[in-house]
Amino acid sequence: VLLTGCAAVEKVKEIWPRAHDPSLISAYVNLSVSLDKVDCKVKDSLEPAIKDADWLNRYANFRNDPQRVSTKGIVDNLGKAKEGNEAACNRWINLSKTRMKIIQEAWRGR
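Presented here is an overview of the structure given in this document.

### Structural notes on the environment of A27
Relative to the helices and strands, A27 is located in helix α2 (residues 22-36). With a relative accessible area of 8%, A27 lands in the buried category. Spatially, the C-alpha atom of A27 lies 9.5 Å from that of N57, the residues being 30 residues apart in sequence. If we ignore the near neighbours within four places in the chain, the residues touching A27 are W55 and L56.

### So, helix α3 (residues 47-62)
Over its 16 residues, α3 extends 23 Å from the first C-alpha to the last, a length consistent with the 22 Å expected when each residue adds 1.5 Å. Those residues of α3 that sit buried are A49, A53, L56, N57 and A60. The buried residues of α3 all sit within an arc of 100° when viewed along its axis, so they share a single face. Turned more than 90 degrees away from the buried face of α3, the exposed residues are K51, R58 and F62. Summarising the contacts, the buried residues of α3 are in contact with α2, α4 (68-83) and α5 (86-107).

### With respect to the environment of S96
With respect to the element layout, S96 can be found in helix α5. Judged by relative accessible area, which is 0%, S96 ranks as buried. When the C-alpha atoms of S96 and S70 are compared, they prove to be 8.8 Å apart, with 26 residues separating the residues in sequence. The residues touching S96, leaving out its near neighbours within four places in the chain, are L35, I74, N77 and L78.

Calculation criteria
Residues numbered from 1 in each chain as written. Predicted model: local features only at pLDDT ≥ 70, side-chain atom pairs only at ≥ 80, totals over all residues. Heavy atoms only, no water. Helix = DSSP H or I, 4+ residues; strand = E, 2+ residues; numbered from the N terminus. Buried < 20%, exposed > 50% of the residue type's maximum accessible area, 1.4 Å probe, protein only. Contact = heavy atoms within 4.5 Å. Expected span 1.5 Å × (residues − 1). Arc of directions from axis to C-beta.

Here is the structure:
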């Protein structure tokens, strides 16, 4: 019974609202700007977004933030965008922007 209670406490701690973190918000804004500058005709334009997404993902994991699943998804999407053709790249970028909106809603109240 005690172990089950510990697992429940850990789950509640994971989904409990977090305090405002200026580093997360700053990284979010940087990634948003980088994504807006991506041009799938020029694959090198993805590099700043990939770098910003990686930083945001690592920090979200460090904080054990519930949105780390979305940040990891963005990192994965940008990798696929870089590998794909122009049409696929645009789809992966749009999917990343959708994940950014999800993160924005989750973090807006902090």
